[in-house]
Structure formats: C-alpha cells, structure tokens
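Spelled out, the chains give:
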Number of protein chains: 2
Amino acid sequence: MSIIGTKAAAEINNKVVILAAGEGKRLRTKKKNETKAQIKVYGLSLIQRAILSAKKAGLSNFIVVVGYKKEILVSHLKKLSKIHDLNIEIVENPQWEKGNGTSVYACHDLIKGNFFILMCDHLFDPSILTELSKNNLPENGAILAIDKNIDKVFDLGDATKVQDQDGSIIRIGKNLKSFNAVDTGIFFCTPTIFAALENAFSERKHSLSDGIARIINLDKMKAYDIGNKFWLDIDTEKSLKYAKRALLSQLNKISEDGFISRFVNRPISKRISVMLSYFPISPNIITIISFVTGLMAAFMFIKGNYFFTLFAGLLVQLSSIIDGCDGEIARLKFQGTPFGAWFDTILDRYVDTAISIGIGYSFWLTHPGVLPWIGCILALVGFILTSYLKKEYFRRYFEEMPKSFIRTLIKRDIRLFVIFMGAIINKPYWALISIGIISHIGIGWSFLEIYFRKNHSRRM
Amino acid sequence: MSIIGTKAAAEINNKVVILAAGEGKRLRTKKKNETKAQIKVYGLSLIQRAILSAKKAGLSNFIVVVGYKKEILVSHLKKLSKIHDLNIEIVENPQWEKGNGTSVYACHDLIKGNFFILMCDHLFDPSILTELSKNNLPENGAILAIDKNIDKVFDLGDATKVQDQDGSIIRIGKNLKSFNAVDTGIFFCTPTIFAALENAFSERKHSLSDGIARIINLDKMKAYDIGNKFWLDIDTEKSLKYAKRALLSQLNKISEDGFISRFVNRPISKRISVMLSYFPISPNIITIISFVTGLMAAFMFIKGNYFFTLFAGLLVQLSSIIDGCDGEIARLKFQGTPFGAWFDTILDRYVDTAISIGIGYSFWLTHPGVLPWIGCILALVGFILTSYLKKEYFRRYFEEMPKSFIRTLIKRDIRLFVIFMGAIINKPYWALISIGIISHIGIGWSFLEIYFRKNHSRRM
C-alpha cells in the first residue's frame, strides 16, 4: 500500500449542500427501509461517498436536503455524522416532488456565503472540488463543473447537457440539440442562486437547471472543465454496476505498480479487496495480515525440505498479493492515512528481513559455513537500500526519483515473485542472491545516473 | 552530512551590485598582488563568499564595481566567473577614492530595474537576501537590511548606525548619537538611488549613505530587520579572526546533531574541516574517505584478536568523525548538493552493514552456530530501519519526524560510539546487539507514538 498526498487540502470553509430528497425511481433499492442515497458501493452508501469525497477535498460543513422517506435517511445520516465526526445539518423539503430546485431553495435560510451543491447519487474524484474551489466565482453568479468528454459519458441520453463558450455556459437542459459538454452535478454558487430559483418558481419551473438558466441569462454562469477526472451519475442498475467496475479499475496504481503487481497481484488482490470491503476491516489490519503471512513464509523456509519450501514460496506470493489489499481498501473506502502508508512500508521491510533469514538458514543447513550468511545479509541490505534510496532521494530533491529500467526490475513485487519462483524450483537461496546482486547493481547505477543527470559532476 | 533545502530559492532576476572598489586600508592583505576582496576565509575569497551567498539566495546576475588595484581584482573575478559558471559584469569606477556612492553611481547605465547592493567584504546568511527580496519596495525608494541586536555587532564604533521608526529609516550615519539599529550593507533599491546620489554629489557628498539620506528625506527608505541572522563586516585583522570563528560555530547542526556528534565528533571534525578547506577537496571525496575508513574498520574486526578489535573500534569512531566533515566542508565552501547528501546517507548504510558483518564474523569464530548471525542481521536491520523510518515519515507526512528521547538514543553517532566503546572492552558483538535491541524498541515505540499523536486510532 502506498498513498501520497492523502493530507486533506487546506480547509475550505464553504458549506456543501447535498441534494438527497428525490425518490430515484429508476434505481429502486431492494430493501424497504432504505433510500437510493443509502445504496452501498463497496461497503459505503452513495451519500457517504459524496460526503467523504467532499471531506477529502477539505470541506467540512454539510447540509443534506431530505424529502422522500426522510426518517429513514435522517437516521442513516446521524450514523454517518457519528462515525466520521462530521457536522451535518438536515433540511426538510416537503415540496421535493416539484423538482430539485426546491431542495436547493429550502437551504436559503442557512446559507450566507458561497457554497457547493452536490448530488447524493453522484460519484466523483475529490480533486474536482479542490480545483473548482480555486476558480474565481463571478459576482452574483455560479460555476458548474462540466465534462467535455461527451463520448465517455455513461448514460448520455439521461444527462443534463450544456453548451459552453469560452468558459461561460450559454445553454443548459436535458434536451439540448446542440451541446459540447455535460453537467456533472457539481456546482459552486453565490447566494444569487436563491433569487434565480424564486424567479423560476414564479414561472412554475422548479428544477435547479431552471434556476441556472436565469443566471445564464445574466451572463454570470461560468464553466469549469474537469478534463479527464472521474465522475458518474448513478441512476440505474446498469450504472451502479458500471460504477463498481470503474472504482475497481482506479485501484491500479499505474505510475507505481511493477510488472508483477500489475498483471499478477492486482487482478487477485482486487477480488480479495472487494470481498473484504463489505466487512469493517481497516487497512491497518490487512497490513498486519500481510505481515504475519510473510513471517509464516519465513518459518516455512526454515524446515528446508521441498514441500515446506514450496509452501513457503506460495505464502511469500500471497503476502505480496495481500500487501496490495490494504491500499486498495484504503482507496475504496476513504480510509487512507499517512500513518497506514508509513506503517505498511516499515512492516514490509521486516517481512523482507524474515524471509531472507529463513532462506539463509535453510541454505546454511546444507551448506554450513559463513558465506551463506554473508550472501544473505548482502542480499537483504540490497532489498532494503533499494527502497531506502528512493525515500532519501525524495527528502533531498523534494521530488520522486525518476523511473529507470533497472529500478523497475528490483521493485518489491518482482523481488518476491522471483523468490516464489525460486521456491518452486527448490532454489530459493539462489533466487535471493540473484535479486540481491541486481539490487546492488541498481543502487550503483542510480548513483551514476543521478550524478550525471543532475550535472553535479561539474561541481565535484 | 545532511543538508536540507539546498535547492536555490526561485530565481530572482534582479541584478546584484557588489562594491569592491575601495582600498580597505584597515585590513591590508599580506600579499602584494591581492586586494582586500581577495582575502581568503576557509579557501574562499571574501568576494567569492558574497557572490556565492547571493547565488544560494537565487540571484545570478552580478555587477562588480572595481577601482583600487583593479587589474588584479578583475583577473580574480574572471577566474570566479569560470569556476562557478557565473555572469559577472565589471564596472570601473575611476572616482572610487571620493566615496562608495560613486561606485554605485558608476553602474547607472547598466541597471534598469530594481537591484541589490552588497559590500565585497561582508559575510552574510543567504536567507537575508531571500527574505529582503520578499519585501515590497516602496515606489521610488529602497529597503535597507538592518540589525537591531546592537549589543552583538562586532565593531560598533565603525558601523553605520540607523534610526528606524515603524519600519521606516529616519536617520543614517556613522556618527549618529541616537540609533536603534546598524546598517548591514545589504540594500534592495529602485533606480531612484541614482538621482539621489546625483543630488548628494552636487553638495559634494559622495558616500552611499549620503544618497540614502536623500531617500530618507523623501520618506521612501524602509528597513528590513534581519532578526538573528548572521552578518559580519570584515574591516580589521580582528574581525577577520572573528569571522573564522563565527563560520565554524555555525557548523554545529544544533537541531540534528546527537549527543556524541555535538560533544565528541564536531570539535574534532571541525578542526579537520578547517585544514581540509584550504585544499580543493570536494565533500563527495570526503564522503568516500569516511566510507573507506568504515570498510577498513570492518576488516579489522574480522581478525578477532583484541589488538585488531581495538584498532577497528578506533577506525569506527574515526569514520564517524570524518562523516561530519563532508557536510562541514560543503557548508563552509558553498559546495552542498542534494546529491552529496543523498550519496552520503546511502554509503553510511553500507558502512553500517560492513561493520555489522565484521563484528558478526569475529564473534562467530569463537561462537559457531546460527544465532550470532541472526543477532547480527537483526541488529543491522534495526540500524537501517531506524533511519528508514524517518525518511518514509517525511515522504508520507511532508514534515520531519518529531523528536523523541528514544530516537535520540539510536542516532548513528551514538550507535557507532557504542560500538567503539564495545571494542575498547573487547565486546563489540554485545555492543552491536544491545544497540540493535534498542533500535527495534525505538521503532516499535515510534509506531505507537505516531499512531496516537496523529489520532489515527479513531479511524482504525
């Protein structure tokens, strides 16, 4: 597991209005005592995901507008407020059936400054909110986050379309014929929206889009293009399934995963993570399970016979796979912490140590003497320093170490896989030594590479 | 060696005028073909120090005003420009004897925007320039860096005094009777200074202070208080000696040095560094010398008899002492690089490894079996992970790990000193094991401490 930048962005004080009053006819939950907002995706309800995404973006004051089956939803919200230590105000909208504009309007007494509007049934990348909040709100206007990748929008027919011109929105509606973007349901508004909605209501129009149309007429409606960031409106059973797949596919860490991680470990670990997501198991517990699995592997190596060695090898690979699950669960369930990432990294090094000792010991049983131990120590130090090198680089250069082929070869997923393979052919010690030698070559290579790349040679 | 933040501050484009035209009567150099600006302090000339300090603050365009013995100084400047890859313009001031105002004025054709003025014979902390440049220059005015710690000014009698009122300078002069600060000789100016100097010249006043006095009259002269930052005007033989002591005393890294570093290693390493500073030896070479000394220590341990063990222990301590010199030289001579700090840190871990293997081997000679090796591996891993823990913490939390008593106990200076002591009493293995056990306790303690301090327990 490895998460960078889980530090919440600087606290933004704006309130967040979440619209959760509607019935959601197209996606009925199977349980009677549950609203659409409570449908769970990997252990978290849709509204919980909306709230936690906003929290991750640094927002902390929530107003949830309820209507349909409000008692049931309110009791769910009370639970969430307790679990996540959140400030959630509840606003009832008895007129919810008229349109979602009435739900926004229902909050007008509670809101003084600028605020965000979110939909309870939309998934979105928290960085959309962070970026949106950096835009300057037009005076007496609003900004809508829009998606210009129309081809990739899941259910375009049902989406609210938007025509954007040089960063200003000039038309909005479900049935626009000409449009170049889609409304993501994420708004950043001044309180002007309430006057705009009153104006729309006076013409018996009650949707939020009707209010927005009034702001467009005043030329005060800006657009923020989210680029390739993820969002999804969950309206149907089909989109719910798509959401699950989309969240899973985001778990691959394309920039960091080694070859084995990507093609062997992730496909398995993601399945395990999905299963685990339905239970209240924290990522740190999974870190400990991976650690214990690694220690067990080390003990199995000690026995020395092929049966145990093979079993040990399998446990090594299993530990490597489970090592991916803690990060996956953390990302799936908004449970990532710097502590978790730090703790996991250190325990990984202890597992490397235990496995090396186990393999060294079993080899020493048949090859007594000092050399097996020295080889074992050097290999182990190579493993640890390969990783150490990168951390120290980050601390000195304030950036991640550049990628290089040789460093890709000695990533942990590959190291452990080589040991697993070594166990299969009953040569775990030689697998250990080989990968150890490559590690030291990689370290030496890194010195040369960085020395010349950073052009320090001129100053030496 | 350990240097954080040697990355130059964001490039500031302002030019830097360095006044080096004067004779410096009170501090005559002993060599005939040398000006005052060329007097060396720890291998670098005074003007070289001024230039490199400004470079470290992110400044890169220099104008040096020459006058007295100009040919000699110019040839020195050409050398500097080559060695440090710098852009140095030379301006001759034939009127230099009239006063240093004429030297500033001599640059007026070369300067369009705002610029800095420095004295060639002043040492100063580069962060003074960084901070000064963050101040808003008053329109048609200037800012002078001032020192309010009057009691600590080295040669107060000769200093230019200043009276500051709420951040504005209201009087300046060598003979002020009432004053509350001292002129550090570091200015940040708009080109207005040239008109002010012309005005002063018309009244036959030719010092920079006379020009500044005109800006004061227009109420456009601001002050920037440098606080406790270091600066020193080198005017006499006495102040030169004081400068050398002051630079040395800055080499202690009070925030980072462990107990042994501070009271045993630094006093010795500083003397070695002073000697080395006169030779063209780069910090990276010293890193390698410390590394080789450590490897030699490891080989000495292998022999196993008391004489060699004692010698090995001495080499361990010597390696630890030399390990301080690379950073000291780097700071004394502006040679610090992130590469150097990174390289040094990794080589230190290899030395730790070699010493542990050496000690483990010698113990195994008299205590054959597997346990000596397992103990040795665990101790070594404890050493490396103690350090690894901190790097990974920095990467996850974007801040240095908080200090704690137990982590102070297992710093490298102390670890190596314990091994040195162990060698003296001929028990290096037990010294290794003891400090290894404490290392692992320290790591476990760190987990608990950070877990509860960061309050992640609520989320687990």
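Residues numbered from 1 in each chain as written. Chains lettered and ligands numbered in written order. Predicted model: local features only at pLDDT ≥ 70, side-chain atom pairs only at ≥ 80, totals over all residues. Heavy atoms only, no water.

Caption draft 1: Inspection of the overall build of chain A at higher detail. In terms of helices and strands, chain A carries 15 helices and 13 strands. Each principal axis of the C-alpha atoms in chain A carries an extent, and together these give about 90 × 60 × 35 Å. Each of the 460 residues in chain A was classed as buried or not, and the buried ones make up 60%. Expressed as a percentage of contacts within chain A between residues at least 6 apart in sequence, the contacts between residues at least 24 apart total 77%. Carbon and sulfur atoms provide 58% of the accessible area of chain A, an area that totals close to 19800 Å². Taking the average place of the 60 positive charges on the side chains of chain A and the average place of its 41 negative ones, the gap between the two points comes to 5 Å. (Helix = DSSP H or I, 4+ residues; strand = E, 2+ residues; numbered from the N terminus. Buried < 20%, exposed > 50% of the residue type's maximum accessible area, 1.4 Å probe, protein only. Contact = heavy atoms within 4.5 Å. Areas by Shrake-Rupley, 256 points an atom, 1.4 Å probe, with all protein chains shown as cover. Lys, Arg positive; Asp, Glu negative; His and termini not counted. Charge placed at Lys NZ, Arg CZ, Asp CG, Glu CD.)

Caption draft 2: Examining the packing of aromatic side chains more closely. Applying the stated criterion across every chain, the model contains 48 aromatic pairs over all chains. Geometrically, the ring pair formed by F363(A) and Y429(A) is stacked, given 3.8 Å between the ring centres and 5° between the ring planes. Separated by 66 residues along the polypeptide, F363(A) in helix α11 (residues 338–366) and Y429(A) in helix α15 (residues 428–453) bring together distant segments of the chain. Comparing F363(A) with Y429(A), the two get one shared label, buried. Between the aromatic rings of F447(A) and W342(B), the centroid separation amounts to 5.4 Å while the plane-to-plane angle is 85°, which identifies the pairing as edge-to-face. You can see F447(A) sitting in helix α15 and its partner W342(B) sitting in helix α11 (residues 338–366), one on each of two chains. Exposure class is identical for F447(A) and W342(B). Each is buried. Joined through ring pairs, the aromatic side chains of F339(A), W342(A), F343(A), Y393(B), Y397(B), F447(B), Y451(B) and F452(B) make up one cluster. Above the face of the F308(A) ring, K303(A) is positioned so that its terminal group lies 5.8 Å from the ring centre. (Phe/Tyr/Trp six-rings, centres within 6.5 Å; stacked < 30°, edge-to-face > 60°. Lys NZ or Arg CZ within 6 Å of the ring centre and 35° of its normal.)

Caption draft 3: Quick look at the interface of chain B and chain A. Across the contact, 60 residues belong to chain B and 60 residues belong to chain A. Taken over both partners, the interface formed by chain B and chain A buries close to 5800 Å², and the fraction arising from carbon and sulfur atoms is 75%. If you look at where chain B meets chain A, you find 4 salt bridges. The shortest N-O distance in the salt bridge between E392(A) and K391(B) comes to 2.8 Å. On inspection of chain B and its partner chain A, the count reaches 16 residue pairs in polar contact (both at pLDDT 80 or more). Those elements that provide at least two residues to the side of chain B that touches chain A are α9 (283–303), α11, α12 (371–397) and α15 (428–453) of chain B. Of the residues assigned to the side of chain B that touches chain A, the class counts are 37 nonpolar, 13 polar and 10 charged. (Buried area = accessible area lost by both parts, 1.4 Å probe. Salt bridge = Lys/Arg side-chain N within 4 Å of Asp/Glu carboxyl O. Polar contact = N/O pair within 3.5 Å; in protein donor to acceptor, adjacent residues only side chain to side chain. Nonpolar A, V, L, I, M, F, W, Y, C, P; charged D, E, K, R; others polar.)

Caption draft 4: Focus on the relation of the copies chain B and chain A. For the match of chain B to chain A, the screw axis carries a shift of 0.0 Å, the RMSD comes to 0.1 Å, and the turn is 180°. Such values leave the two copies arranged in the relation of a two-fold axis. A shared binding surface is used by both copies, with 100% of the interface residues of chain B retained as interface residues in chain A. (Least-squares fit on C-alpha atoms with pLDDT ≥ 70 in both.)

Caption draft 5: Local environment of the domain arrangement of chain A. All names here are of chain A. Domain annotation of chain A identifies domain 1 (12–245) and domain 2 (253–459). Just the C-alpha atoms count here: the centres of domain 1 and domain 2 sit 43 Å apart. Contact residues are listed per partner, giving 9 residues for domain 1 and 6 residues for domain 2. Between domain 1 and domain 2 the total buried area reaches about 670 Å² when both faces are included, carbon and sulfur atoms providing 71% of it. Three residues stand out in domain 1 for area buried against domain 2, namely Y42, L44 and R49, and they jointly supply 62% of the buried area on that side. Residue composition of the side of domain 1 that touches domain 2, by class: 4 nonpolar, 2 polar and 3 charged. (Domains from an automatic or database assignment.)

Caption draft 6: Spatial organisation of the side chain of S53(A). Residue and element names in this part refer to chain A. Tracing the backbone through its elements, the reader meets S53 in helix α1 (residues 46–56). Residue S53 is classed as buried on the basis of its relative accessible area of 3%. Excluding its chain neighbours within four sequence positions, the residues that come into contact with S53 are F124, P126 and F334.

Caption draft 7: Local environment of the pattern of salt bridges. Inspection of the entire model under this criterion finds 42 salt bridges over all chains. When the shortest N-O distance is used, the salt bridge between K134(B) and E131(B) registers 3.1 Å. Here K134(B) pairs with E131(B), and both are found in helix α4 (residues 126–134), just 3 residues apart, close to one helical turn. A relative accessible area of 29% places E131(B) in the partly exposed class. D352(B) serves as the salt-bridge partner of R412(B), at 3.0 Å between the closest nitrogen and oxygen. In this pair, R412(B) sits in helix α14 (residues 412–424) while D352(B) sits in helix α11, placing the two residues 60 residues apart along the sequence. Just as R412(B) is buried, D352(B) falls in that class too. Three or more residues joined by partner-sharing salt bridges are found here, namely D323(A), D348(A), R349(A), D352(A), R412(A) and R415(A).

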